[in-house]
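# Structural features, examined
Given next are the chains, with one letter for each unit.
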Amino acid sequence: MHRMKIIVAQIITLLVAQAGVTAPVFAQESQPRVILFIGDGAGISYWTAALFAAESLAVQAFPAVGLVDTRASDSKVTDSAASATTYATGVRTYNGAIGVAPDTTELETVLEMAQKRGMATGLIATSRITHATPASFAAHVPSRVMEWEIGRQILDHNVTVIMGGGAGIYDPAKRPDSLDLRSQIMERYTYLETLEELAALDLDTVSTLFGLFAVDHMPRAVWPTVTLRDTIIQIVRDSATTVADTSWVPYRSPTLPDMTEAALAVLDKDPDGFFLMVEASQPDWRGHGNEPLATVEAEMLDLDRAVGVALEYRQRNPETLIVVLADHETGGLSLQFDSTGTFQEAYTTLSHTAEMVPLFAIGPGAQRFAGIIPNYRVGQLLIDAVRGTELGGPE
């Protein structure tokens, strides 16, 4: 019977080719594995900073590269909510929208479509898990500020793996409605709050995982011993050193690679495949703060190392599609020498910009992400990948 299916598939492929129609990128019998990385705020200069810091990046292995037009339906400068909703649904929407169209009607997300196919799903972020980007894949509210409701909806979605910050959202003592969502989590998930608990898990025995590693957002990737930027700059000038030579200490625990590795170990068990969204939430915050280059580099390398974990997984599972991109650029970051000859950051704004952002893709259908594409097209292609088809909306 299996041999007959192969023969039929070959005949169909031949007939389609003779008819001049493009054959599906994804085989009918394959089980989609789709990993989406979103570097919040991470424009081209952010990746350039990471490359200068490390000299070798995981994303350099990606054969398909493009640029994404990130605009929202109501502005050329998007926010994370509109952008993530567009990636999740293939529909451009307004700034602040979470999983809803410009008229606030609910839109089905790629995560929800994956669940309908019986696939496992995952959401990871270094922000609160109810923040704009992760929320847009598993909640539907008219405004991103509605995080108490977003937390309830995400829990109701029965996402297989959730990891990030935001334990306070699920604490009945903190919630305005006093709902004990924490108890519901512990009834339905393997629940953990520390890296030590994560490291001690036998992931072969875990079917669902919910990790909340901070009451609010997770800590930054590194923390400067001197926190005031002006003071740091003065220290640099007085000592004739660079920012990278001052004292910076690792701070985030677990790291984004730690969480990505654990999530893939759990999601890989599902024979129907999976969809996983991983957000490096905090490059954006370094940009909003116009922070020294060392903090930007730390956030970007945390992201790139997580991408490296996904690439290692793909070596064992070559049918896996990995897409890495940003929701928007933040700060108008540029890299240049100052008047003292020090190579450092320069910013044009404390806000987001309309700058196009880089995209990297590898795996089945990766070339469809190449070139200059609108953000809604990214969403349509992700939906195609989860469906295992080459269908999609208008270009």
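It should be noted that the structure appears before, not after, this text.
Let us look at the structure shown here. (Residues numbered from 1 in each chain as written. Predicted model: local features only at pLDDT ≥ 70, side-chain atom pairs only at ≥ 80, totals over all residues. Heavy atoms only, no water.)

### Here's the deal with the overall build of the chain
Test applied: By the criteria applied, helices consist of DSSP H or I runs no shorter than four residues and strands consist of E runs no shorter than two, each listed in order from the N terminus. Only protein chains enter the accessibility calculation, which uses a 1.4 Å probe; a residue is then buried when its area is under 20% of its type maximum, exposed when over 50%, and partly exposed in between. Any two residues having at least one pair of non-hydrogen atoms within 4.5 Å are treated as being in contact.
Secondary structure summary: the chain contains 13 helices and 16 strands in total. The 395 residues of the chain split such that 55% are buried. At a minimum sequence separation of 6, the contacts of the chain that also span at least 24 residues come to 72%.

### Side note on a nonpolar patch on the surface
Operational definition: Any residue with relative accessible area above 30% and no salt bridge may belong to a patch, with like charges joined within 9 Å and the nonpolar Val, Leu, Ile, Met, Phe, Trp and Tyr side chains within 5 Å. Computed with a 1.4 Å probe, the accessible areas rest on the Shrake-Rupley method; for each residue, only the protein chains presented here act as cover. A pair is scored as a salt bridge if a Lys or Arg side-chain nitrogen falls within 4 Å of a carboxyl oxygen belonging to Asp or Glu.
On the surface, a nonpolar cluster with roughly 330 Å² of combined accessible area is contributed by Phe52, Phe337 and Phe343. Checked against the element boundaries, Phe343 lands in strand S13 (residues 343-346). Using a relative accessible area of 32% as the deciding quantity, one classes Phe343 as partly exposed.

### Considerations on the pairing of strand S2 (residues 64-69)
Convention followed: Two strands are counted as paired when DSSP detects at least two bridges linking them.
In this sheet, strand S15 (residues 357-362) lies alongside S2 in antiparallel orientation, the contact comprising five bridges. If you follow Val68 over to S15, its bridge partner there is Val357. Sheet analysis places S2 next to strand S16 (residues 371-374), joined by four bridges and oriented parallel. Of the residues in S16, the one forming a bridge with Gly66 is Gly371.

### Some thoughts on the sheet that holds S15
Rules: To get an axis, a line is fitted to the C-alpha atoms, and for a helix only the part in contact is used. The angle between two axes follows their N-to-C directions and goes from 0 to 180 degrees.
On the basis of which strands lie adjacent, the open sheet formed by ten strands has the order S5-S6-S4-S3-S9-S1-S10-S15-S2-S16 and mixed pairing. Across the chains shown, the open sheet's two edge strands, defined by having one partner strand only, are strand S5 (190-192) and S16. For this sheet, the mean inter-axis angle between neighbouring strands, taken without regard to orientation, is 15 degrees. Relative to strand S4 (residues 161-165), strand S3 (residues 120-128) is paired through four bridges, and the arrangement is parallel. When the sheet's bridge partners are listed, Gly122 is paired in S4 with Val161.

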